Amino acid sequence: MRKLKSFEELLTLQKSLAGDMRIREMSNSPDDHIQVRVTFTSEEKIAEAAGIYREISEFAETGNMDIILTRYFRDGENNEKTVSIEVKHPGNEWKCYNIESADEALRILEKGGAA
Amino acid sequence: MKHVKSFILVCGGTGCRASESALIADDFRNMVRQLAIEDQTAVISVGCFGFCEKGPIVKIIPDNTFYTNVSRADVEEILKEHIIMGRPVHRLLYENPETHEKISDSKHMDFYRKQKRIALRNCGFIDPENINDYIARRGYEALGTVLSKYTPAETIDIIKRSGLRGRGGGGFPTGLKWEFASKSVSNEKYVVCNADEGDPGAFMDRSILEGDPNSIIEAMAICGYSIGASRGLVYIRAEYPLAVHRLEVAISQAREYGLLGDAIFGTDFSFDIEIRYGAGAFVCGEETALIHSMEGHRGEPTVKPPFPAVKGYMGKPTNVNNVETFANVPVIILNGPEWFSSIGTERSKGTKVFALAGKINNVGLIEVPMGTTLREVIYEIGGGIKNGKKFKAVQTGGPSGGCLTEEHLDIPIDFDNLLAAGSMMGSGGMIVMDEDDCMVSVAKFYLEFIVEESCGKCVPCRIGNRRLYEMLDKITKGKGTEEDLEYIENLSKVIKDTALCGLGQTSPNPVLSTLEHFRDEYLAHVRDKTCPAGKCRALMHYVIDPEKCVGCTACARACPAEAITGERKQKHEIDQNKCIKCGACYEKCKFSAINIA
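Reading the values: rules and limits
Residues numbered from 1 in each chain as written. Chains lettered and ligands numbered in written order. Predicted model: local features only at pLDDT ≥ 70, side-chain atom pairs only at ≥ 80, totals over all residues. Heavy atoms only, no water. Pairing = 2+ DSSP bridges. Helix = DSSP H or I, 4+ residues; strand = E, 2+ residues; numbered from the N terminus. Axes fitted to C-alpha atoms, helices over the stretch in contact; angles between N-to-C directions. Contact = heavy atoms within 4.5 Å. Core = buried A, V, L, I, M, F, W, Y, C linked by side-chain atoms within 4.5 Å. Buried < 20%, exposed > 50% of the residue type's maximum accessible area, 1.4 Å probe, protein only. Domains from an automatic or database assignment. Buried area = accessible area lost by both parts, 1.4 Å probe. Salt bridge = Lys/Arg side-chain N within 4 Å of Asp/Glu carboxyl O. Polar contact = N/O pair within 3.5 Å; in protein donor to acceptor, adjacent residues only side chain to side chain. Nonpolar A, V, L, I, M, F, W, Y, C, P; charged D, E, K, R; others polar. Phe/Tyr/Trp six-rings, centres within 6.5 Å; stacked < 30°, edge-to-face > 60°. Lys NZ or Arg CZ within 6 Å of the ring centre and 35° of its normal.

Engineer: Would you explain the sheet that holds strand β1 (residues 6–11) of chain B in this entry?
Structural biologist: For sheets, the rule is that strands pair by backbone hydrogen bonds, running either parallel or antiparallel. Read from one edge to the other, the open sheet built from 4 strands follows the order β2-β1-β3-β4 (chain B), with strand pairing classed as mixed. In this open sheet, the two edge strands, each paired with only one partner strand, are β2 (41–46) and β4 (65–67) of chain B. Geometrically, the sheet is characterised by an average inter-axis angle of 20° between neighbouring strands, direction not taken into account. Where strand β3 (residues 58–61) of chain B lies against β4 of chain B, 3 bridges are found, and the strand directions are antiparallel. Bridge assignment links Lys59 of chain B to a residue of β4 of chain B, and that residue is Phe66 of chain B. Helix-sheet contacts for helix α1 (residues 7–26) of chain A involve β1, β2 and β3 of chain B, and the interaxial angle to β1 of chain B is about 75°.

Engineer: Got a minute to help me understand the nonpolar core in this structure?
Structural biologist: Nonpolar side chains tend to gather and get buried jointly when the protein is soluble and globular. Residues Tyr140 and Leu259 of chain B are the most contacted members of the largest nonpolar core, which totals 75 residues. Top contributing element to this core by residue count: helix α10 (residues 213–227) of chain B, with 9 residues. Residue contributions to this core reach at least three from each of two domains, namely domain 2 (131–340) and domain 3 (351–434) of chain B. Residues contacting Leu259 of chain B, with those up to four places away along its chain left out, are Leu4 and Leu10 of chain A together with Ile131, Ile135, Tyr140, Leu143, Ala254, Ile264 and Phe265 of chain B. Residues Ile360, Val368, Met370 and Val432 of chain B belong to the second largest nonpolar core, which totals 43 residues.

Engineer: Please explain the domain arrangement of chain B as it appears in this structure.
Structural biologist: When the parts come together, some accessible area is lost, and that loss is often what is quoted as the size of the interface. Residues and elements named next belong to chain B. Under the domain assignment, chain B is made up of domain 1 (6–111), domain 2 (131–340), domain 3 (351–434), domain 4 (439–526) and domain 5 (541–596). A separation of 27 Å is found between the C-alpha centroids of domain 2 and domain 3. Counting residues at the interface gives 16 residues for domain 2 and 20 residues for domain 3. Roughly 1,400 Å² of surface becomes buried between domain 2 and domain 3 when both sides are summed, with 62% attributable to carbon and sulfur atoms. It is Arg167, Asp199 and Met204 in domain 2 that bury the most area against domain 3; as a group they hold 35% of the surface buried on that side. Where domain 2 touches domain 3, the interface holds 2 salt bridges. Across the salt bridge formed by Arg165 and Asp416, the nearest N and O atoms sit 3.5 Å from each other. At the surface where domain 2 touches domain 3, the tally comes to 5 residue pairs in polar contact (both at pLDDT 80 or more). Class assignment of the residues belonging to the side of domain 2 that touches domain 3 gives a composition of 5 nonpolar, 7 polar and 4 charged.

Engineer: Hey, could you run me through the interface of chain A and chain B in this one?
Structural biologist: Across the contact, 36 residues belong to chain A and 44 residues belong to chain B. Across the chain A/chain B interface, buried area totals approximately 3,700 Å², and carbon plus sulfur atoms make up 59% of it. It is Met1, Phe7 and Arg24 of chain A in chain A that bury the most area against chain B; as a group they hold 20% of the surface buried on that side. Here chain A and chain B share 3 salt bridges between them. Across the pair Arg87 of chain B and Glu43 of chain A runs a salt bridge, and its minimum N-O distance is 3.0 Å. Taken together, chain A and chain B are joined by 14 residue pairs in polar contact (both at pLDDT 80 or more).

Engineer: Please explain the packing of aromatic side chains as it appears in this structure.
Structural biologist: Following the criterion strictly, the structure yields 17 aromatic pairs over all chains and no others. Centre to centre, the rings of Phe40 of chain A and Phe73 of chain A are 5.2 Å apart; their planes meet at 85°, and the pair counts as edge-to-face. In this pair, Phe40 of chain A is assigned in strand β1 (residues 34–40) and Phe73 of chain A in strand β2 (residues 67–73), connecting sequence segments 33 residues apart. As far as burial versus exposure is concerned, Phe40 of chain A and Phe73 of chain A are alike and both buried. Taken together, a centroid distance of 5.9 Å and an interplanar angle of 15° make the contact between Phe269 of chain B and Phe271 of chain B stacked. Here the aromatic residues Phe49, Phe51, Phe66, Tyr94, Phe111 and Tyr112 of chain B are joined through ring pairs into a cluster of three or more. Here Arg71 of chain A stacks its cationic end above the ring of Tyr53 of chain A, 4.4 Å away from the centre of that ring. Positioned above the aromatic ring of Tyr240 of chain B is the side chain of Arg206 of chain B, whose terminal nitrogen or guanidinium carbon lies 5.9 Å from the ring centre.

Engineer: How should I be thinking about the environment of Thr302 of chain B in this particular structure?
Structural biologist: All names here are of chain B. With respect to the secondary-structure elements, Thr302 resides in the loop between α12 (287–294) and β10 (318–322). The class of Thr302 is partly exposed, set by a relative accessible area of 29%. C-alpha separation for the pair Thr302 and Met424, spaced 122 residues apart in sequence, amounts to 23 Å. When residues no more than four places from it in sequence are discounted, the contact partners of Thr302 are Thr288, His292, Lys457 and Leu500.

Next comes the structure, spelled out in structure tokens:
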């Protein structure tokens, strides 16, 4: 830790620390933020879902996009082995998009979940 | 910079640690490493979540899943199922006791729905041993704002306009207290944080210090700037080792950042804090006694004036506020006095933290806006009375407070309403009693505590309270008379009028309030020699109902005094001369054949 010589230095430090805290703070009021769920319907799809989850997470970070990102297993809801993303914007309902790849998921998010 | 996406927040408060939460957190850390998911999952020990009844508590972020009664055996399942597979572990979710519905998000639980967390804003949210967590939540921004934008007088004015009143018991306006200290002229002044939380069952201040120690440090520095003090002292009871440790860590980290020490933020304001340890004397919660204890003298109060604002620690002007009062200060500076004063009632602004205990379903730490009714606290947040029993009374204000009844349940809680009802806010202890509690015994319990804790300096408290206790003891043993009730009432009033300090003056409150609201119970003890709640052992008689007794001999075998006789498959009898009223027979009988008369 280095001594903070001015109030401005504290504010700069605050900003640099805000990232991790932001996720914790957003989770306090999830409906005020974009929520994204990577949903998978079979245990065989875990690895694929994890990859997509990671890419969305990195995409959000590089684009400074505030999203609440979770993984969600929909057990027994259908027999298909799929990965999809569900997106919810503040004030709207959840929308589900079946996807084949991470790129597809990112395109959906880039378009604001309206693809 | 890469940020983790999931957080496992493990309650690191004293209550949950007693149920191995520190080991649970370690297990999580080890297994996160084993599963190689450190880059996306962080495990953090946080302060108390408040819902102590359901601890140890683990919260998963960002989906806000709230797991209750977690044990070390659950760690692997939570990680593999929830974090990796995205499947919440249903059996660990909170279950609504009425609907039996599983609730995942704490915001939808009755316990949290009506709460507003200001003083507890960071408890259960940040790592109290990492100052960066506090800074990321606008920590020390209030101090920086004050030092760069406001004069000391303007800062005091903000606190005055907020309407903040002392949360330690008296409810004195905080801004006014600061103003008195600021106007005292001296080459040295002190800021003291009173963390000598002594009420039985109260743990508000401990939880704040354990969960958010930096907020107290920041507030003390703001106070120091406002009154012209460069030294702060935290008087904390040594029985709070975790709070002491976290405070020490926070002070050391604040010094490293230069947030304590010389020329804070490059200004000419310097401030530092020392810790002083109390030995757990209740009277040292009184500010003059506390100051004497810090000076190395006996913890005895002195007559005011002079007030500590004029002549306090080492004879210098001293401002004393309690932990919860300080915890509100940084937020008031950041959000403005109008924001704070918009919460609460006409004369009591903001929120109040209560330690909810006794015969209530949801024991724990809560923070509600002033003006919330006792009914809301007990039945909605507290989940009602345990085992479906009938509510009898609620004791607020600790040993200095009083017992309130059913008729007071719709009173909006604030300093003045509780006082008008014959109790007081106190520091925030709230103990709920049901139909099985004897109110004479309750009054006796508090008196016993006061007698034990009286510093002995003034006669009314030292001798008066002992006499009161003896009278109550006599009544609970069936030896009291109606004249005794009058005597008790008169003596209580004399103690109130003549005791030296606030603690002595309020010590008869539990007696007076129970006499007022539960006089019938006192009369039953002195006239009929019975205890309606069946609690006073000397007034109880165990009798065997011959209609129900099957002669199983279980009671006779359980009786340690050999007071029960009877042949197998024959009706049994209790010899009242031998019976020691231990209740072993009552607990053993499977046929409900033993009654308490």
